[in-house]
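# Examination of the molecular architecture
Next come the chains, spelled out residue by residue.
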Amino acid sequence: MQRAGGPTSARQSAGMARSAALLLWAQALGLTGAQPSQLTLDPPWTPVFLTEKVTLTCQGSGAPGPAKWYVNEQFWQQARSNHIHITTDLPRSYSLQCRSPGARLSPSITLGFSNGEGWHGCPCPGTCGCHKGSGWALFLSLLPLV
């Protein structure tokens, strides 16, 4: 049986001190596994309709700053801030990712733009009518329901 303050305790303390020192160095060098960036859309659904503006925002656990943007797993651009706006007049889909300062690459999201053809439903039930082949139409009713 060993005493509480014996040689084993001293060795364990020295090992823990070395581990703590290595962890501090790893954190200082950024080697401890930063959190991934978070990519959000506004509006928060996909697909969106042609010519609709979508705001992409990239947030990370590191210092705020300009985000790097990736399209189809290829570097696209570095923005001046943490958000960008996208719109298009052609039906298409993009696989998007971002990286904010001090964070890892975000998980991929797919942003699709549609002209509405072939839709049988709408993003906001009860507020629009979608008919196959006719595109998308918005119907707002200002009359009270009877």
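Rules behind the numbers
Residues numbered from 1 in each chain as written. Predicted model: local features only at pLDDT ≥ 70, side-chain atom pairs only at ≥ 80, totals over all residues. Heavy atoms only, no water. Pairing = 2+ DSSP bridges. Helix = DSSP H or I, 4+ residues; strand = E, 2+ residues; numbered from the N terminus. Axes fitted to C-alpha atoms, helices over the stretch in contact; angles between N-to-C directions. Disulfide = S-S within 2.5 Å. Phe/Tyr/Trp six-rings, centres within 6.5 Å; stacked < 30°, edge-to-face > 60°. Buried < 20%, exposed > 50% of the residue type's maximum accessible area, 1.4 Å probe, protein only. Core = buried A, V, L, I, M, F, W, Y, C linked by side-chain atoms within 4.5 Å. Contact = heavy atoms within 4.5 Å.

### A word on the sheet that holds strand β6 (residues 83-86)
Read across the sheet, 3 strands follow the order β1-β3-β6 without closing on themselves; strand pairing throughout is antiparallel. Two strands bound the open sheet, and with one partner strand each, they are β1 (38-42) and β6. Between one strand axis and the next, the sheet turns through 20° on average, direction left out of account. With 5 bridges joining them, β1 and strand β3 (residues 54-59) adopt antiparallel strand pairing. In the sheet register, Leu39 faces β3, and the bridge partner there is Cys58.

### Quick look at the sheet that holds strand β5 (residues 74-78)
With mixed pairing, 5 strands are arranged side by side in an open sheet as β2-β8-β7-β4-β5. This sheet does not close on itself; its edge strands, each paired only once, are β2 (48-49) and β5. Of the pairings in the sheet, the one linking strand β4 (residues 68-71) to β5 comprises 4 bridges and is antiparallel in character. Among the inter-strand pairings, Trp69 is bridged to a residue of β5, identified as Gln77.

### Points about the state of the cysteines
The term disulfide refers to a covalent linkage connecting the sulfur atoms of a pair of cysteines. Throughout the structure, instances matching the rule amount to 1 disulfide. Disulfide pairing places Cys58 opposite Cys98 at an S-S distance of 2.2 Å. Residues Cys58 and Cys98 are joined by a disulfide whose S-S torsion is about 85°; by sign, that bridge is right-handed. On the criterion of sequence distance, the pair formed by Cys58 in strand β3 and Cys98 in strand β7 (residues 92-99) is long-range, its members being 40 residues apart.

### Overview of the packing of aromatic side chains
On inspection of all chains with the given rule, the structure shows 2 aromatic pairs. Relative to Phe75, the ring of Tyr70 lies with its centre 5.7 Å away and its plane at 75°, an arrangement referred to as edge-to-face. For Tyr70, a relative accessible area of 13% corresponds to the buried category. Here Tyr94 and Phe113 contribute two aromatic rings whose centre-to-centre distance is 6.3 Å and whose plane-to-plane angle is 85°, an arrangement assigned as edge-to-face. Of this pair, Tyr94 sits in strand β7 while Phe113 sits in strand β8 (residues 109-114), and the two are 19 residues apart along the sequence. Accessibility expressed as a relative area gives 4% for Phe113, which makes it buried.

### So, the nonpolar core
Nonpolar side chains in soluble globular proteins generally cluster together in the buried interior. Membership of the largest hydrophobic core comes to 17 residues, with the highest contact counts inside it found for Val54, Leu56, Trp69, Leu96, Leu111 and Phe113. In this structure, Leu56 is in contact with Leu39, Thr40, Leu41, Trp69, Asn82, His83, Ile84, Ile86 and Leu96, ignoring residues within four places of it in sequence.

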